[in-house]
Amino acid sequence: MGVDATEIRRTTSKLRDGTRVRYHYAWRGGPLFWKSTSDIKENSPAYFAALAACAQPVRSGEYSAADLVDDYLDSAEFKAKRERTRADYRKWALRLADEFKDDPAEIFEDPESRAEVAEWRSQWAHSPKQYDYAATVATAILNWAVDDVGKLKIHHCHRMKKLYRSDRSEIIWTPEQIDQLCRVAPEWVARIAIAASETGLRVGDLITLGRQHITGNTIQIRTAKRGRVASIPVTPAMRAMVEATPAGRLLVLTNARGAALTPHRASEGLRQWKEKAGLPEHLRLQDMRGTAATRLLRADASLNQIATAMGWSLRYSQNVIEAYAAIVPAEADDVLVLLERAWQTAGKRGVE
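Each value, and the rule that gives it
- Residues numbered from 1 in each chain as written.
- Predicted model: local features only at pLDDT ≥ 70, side-chain atom pairs only at ≥ 80, totals over all residues.
- Heavy atoms only, no water.
- Core = buried A, V, L, I, M, F, W, Y, C linked by side-chain atoms within 4.5 Å.
- Buried < 20%, exposed > 50% of the residue type's maximum accessible area, 1.4 Å probe, protein only.
- Helix = DSSP H or I, 4+ residues; strand = E, 2+ residues; numbered from the N terminus.
- Axes fitted to C-alpha atoms, helices over the stretch in contact; angles between N-to-C directions.
- Left-handed = near helix turned anticlockwise from the far one by under 90°.
- Contact = heavy atoms within 4.5 Å.
- Nonpolar A, V, L, I, M, F, W, Y, C, P; charged D, E, K, R; others polar.
- pLDDT = per-residue confidence, 0-100.
- Pairing = 2+ DSSP bridges.
- Phe/Tyr/Trp six-rings, centres within 6.5 Å; stacked < 30°, edge-to-face > 60°.
- Lys NZ or Arg CZ within 6 Å of the ring centre and 35° of its normal.
- Expected span 1.5 Å × (residues − 1).
- Arc of directions from axis to C-beta.
- Salt bridge = Lys/Arg side-chain N within 4 Å of Asp/Glu carboxyl O.

### A few points about the nonpolar core
Logical step 1: Ranked by internal contacts, the top residues of the largest apolar core, which has 53 residues, are Met238 and Met288.
Logical step 2: Here this core takes 6 residues from helix H8 (residues 187-199), the largest share from any one element.
Logical step 3: Membership of the second largest hydrophobic core comes to 31 residues, among which are Ala93, Phe100, Trp120 and Ala145.

In structure tokens form, the structure reads like this:
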């Protein structure tokens, strides 16, 4: 049985010589029945005869794109991801399944499917992070389908262009800004600021930091993002805060009632009191990692130790510390001397 003209899928491609060619498919993922370079005129009797000759899509029981997504969500690869990652992936995977629910899984073997996926994610073009994440999840599912289980022979969604670029290396909290926040904020928020600016830990790790992670002059904690053990020197300010923690409390950071924090509550609490302290709107909790990098350098941590603790490259660590020195001129000379010494040591060890 033929198909209705309303199901026609129209795409355009640009050839190497600059020529634009229009392609018409009987339905999304269906067979190509006309292109603008053919001898058949669009909307002519021959055009509709070619369309009518095409068979209907997705027969009952055919393995669909939605089935493919369901199988991925049941896969060992998906279940091996961290809980937060699974939640994010599931949301985008279900969006992908909903978009292509009426199509056979084999649609992704067609080169034109790249344009289909690109069109689907374009609805989030206003948000570069979401736009990129949509492509990340779609590619992960298709890689799994091809490489791990052989449900597809090939797909064409590799290396989809990304929009989001984040470089906050020059956004640093100064000591004066942190002091200003701590003078205004309640103790539980001030402790978040101190811990963040002294250790450089991400908020997800800060809220789990406990006495058991501190041995002598070192904090050792397995980070949630990479699953690696970070070894961070205990600065004098950090030690004073830990010693001031009530004896019966295991967590270093809690809310006002002494209960465990969530990442959102920690970040939101600091944001609210930052505004009340009259500090710049662009400052975020995560930006205290640059302050921490400088303080760790002052605490005789090597550039390699700082990079490892922060999850940064050596070059990025250097950039952040140089940015701090530029913003805090009073400390610039000492910081840059320490940085130069640390960089020379890293270079002698063959670290790039």
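Having seen the model, we can carry on.
### Overview of the packing of H8 against helix H10 (residues 236-243)
Logical step 1: Their axes nearest at 9 Å, the elements H8 and H10 cross at an angle of 140 degrees. The interaxial crossing formed by H8 with H10 has left-handed handedness. Seen from H8, the contacting residues are Arg191, Ile194, Ala195, Glu198 and Thr199; seen from H10, they are Ala237, Met238 and Met241.
Logical step 2: Classifying every residue of the contact of H8 with H10 gives 5 nonpolar, 1 polar and 2 charged.

### Points about the confidence of the model for the protein chain
Logical step 1: Per-residue confidence for the protein chain gives a mean pLDDT of 82, with 89% of residues at or over 70.
Logical step 2: Across the protein chain, the secondary-structure element scoring lowest on mean pLDDT is helix H15 (residues 329-348), at 69, and the one scoring highest is H8, at 93.
Logical step 3: For the stretch residues 348-352, pLDDT sits under 50, and the model shows 4 contacts to residues farther than four places along the chain or on other chains.

### So, the pairing of strand E5 (residues 218-222)
Logical step 1: Residues of E5 alternate between two faces, with Ile219 and Ile221 buried on one and Thr218, Gln220 and Arg222 left unburied on the opposite face.
Logical step 2: In the sheet, strand E4 (residues 214-215) pairs with E5 via 2 bridges, with the strands oriented antiparallel. For Thr215, the partnering residue across the bridge sits in E5 and is Thr218.
Logical step 3: What sits between E4 and E5 in their antiparallel hairpin is a turn of 2 residues, with Gly216 showing a positive phi close to 60 degrees.
Logical step 4: Two elements, E5 and strand E6 (residues 229-233), share 5 bridges in a ladder whose sense is antiparallel. Counted as the bridge partner of Gln220 is Ser231 from E6.

### Observations regarding the sheet that holds strand E2 (residues 20-25)
Logical step 1: Taken together, the 3 strands give an open sheet; going across it, the order is E1-E2-E3, and neighbouring strands pair in antiparallel fashion. Only two strands of the sheet have a single partner each, and these edge strands are strand E1 (9-14) and strand E3 (32-35). Strand-to-strand twist of the sheet, defined as the mean angle between neighbouring strand axes without regard to direction, takes the value 25 degrees.
Logical step 2: Along the sheet, helix H1 (residues 45-52) contacts E1, E2 and E3; its crossing angle with E3, the most-contacted strand, is approximately 160 degrees.

### Structural notes on the environment of Arg82
Logical step 1: In this fold, Arg82 is placed in the loop between helix H3 (76-79) and helix H4 (83-99).
Logical step 2: Assessed through its relative accessible area of 42%, Arg82 is described here as partly exposed.
Logical step 3: Sequence separation of Arg82 and Ala224 is 142 residues, and the distance between their C-alpha atoms is 8.6 Å.

### Concerning the packing of aromatic side chains
Logical step 1: Tallying each qualifying case throughout the model produces 9 aromatic pairs.
Logical step 2: Judged by centre distance (5.5 Å) and plane angle (75 degrees), the rings of Tyr72 and Trp144 are edge-to-face. Here Tyr72, found in helix H2 (residues 65-73), pairs with Trp144, found in helix H6 (residues 128-148); they are 72 residues apart in sequence, far enough to count as distant. Comparing Tyr72 with Trp144 shows no difference in burial state: the two are buried.
Logical step 3: Ring centres of Trp92 and Trp124 lie 4.7 Å apart, and the angle between their planes is 75 degrees; this geometry places the pair in the edge-to-face category. Placement of the pair is Trp92 in helix H4 and Trp124 in the loop between helix H5 (113-121) and H6, with a sequence separation of 32 residues. For the pair Trp92 and Trp124, one class covers both residues: buried.
Logical step 4: Each residue in the set Phe33, Trp34, Tyr47 and Phe48 is aromatic and connected to the rest through ring pairs, giving one cluster.
Logical step 5: Above the plane of the ring of Trp273 lies Lys276, whose end atom (NZ or CZ) is 4.0 Å from the centre.

### Let's talk about H4
Logical step 1: Along its 17 residues, H4 runs 25 Å from first to last C-alpha, staying within 8% of the 24 Å computed at 1.5 Å per residue.
Logical step 2: Looking at H4, one finds that the buried residues are Tyr89, Trp92, Ala93, Leu96 and Ala97. Buried residues of H4 fall within an arc of 145 degrees about the axis and therefore sit on the same side. Residues Glu83 and Arg84 are exposed on H4 and point more than 90 degrees away from its buried face.
Logical step 3: Residues of H4 that are buried in the fold lie against H2, H3, H5 and H6.

### Thoughts on the pattern of salt bridges
Side chains that carry opposite charge are capable of pairing whenever their charged atoms lie near each other.
Logical step 1: Using the criterion set out here, one finds 5 salt bridges in the structure.
Logical step 2: With a shortest N-O distance of 3.5 Å, Asp98 and Lys101 are connected by a salt bridge.
Logical step 3: For Asp98, a relative accessible area of 47% corresponds to the partly exposed category.
Logical step 4: Notably, a salt bridge pairs Glu275 with Arg271, separated by 2.6 Å at the nearest N-O pair. Note that Glu275 and Arg271 are positioned in helix H11 (residues 263-276) at a spacing of 4 residues, about one turn of the helix.
Logical step 5: Each of Glu268, Arg271 and Glu275 takes part in one network of salt bridges that share partners.

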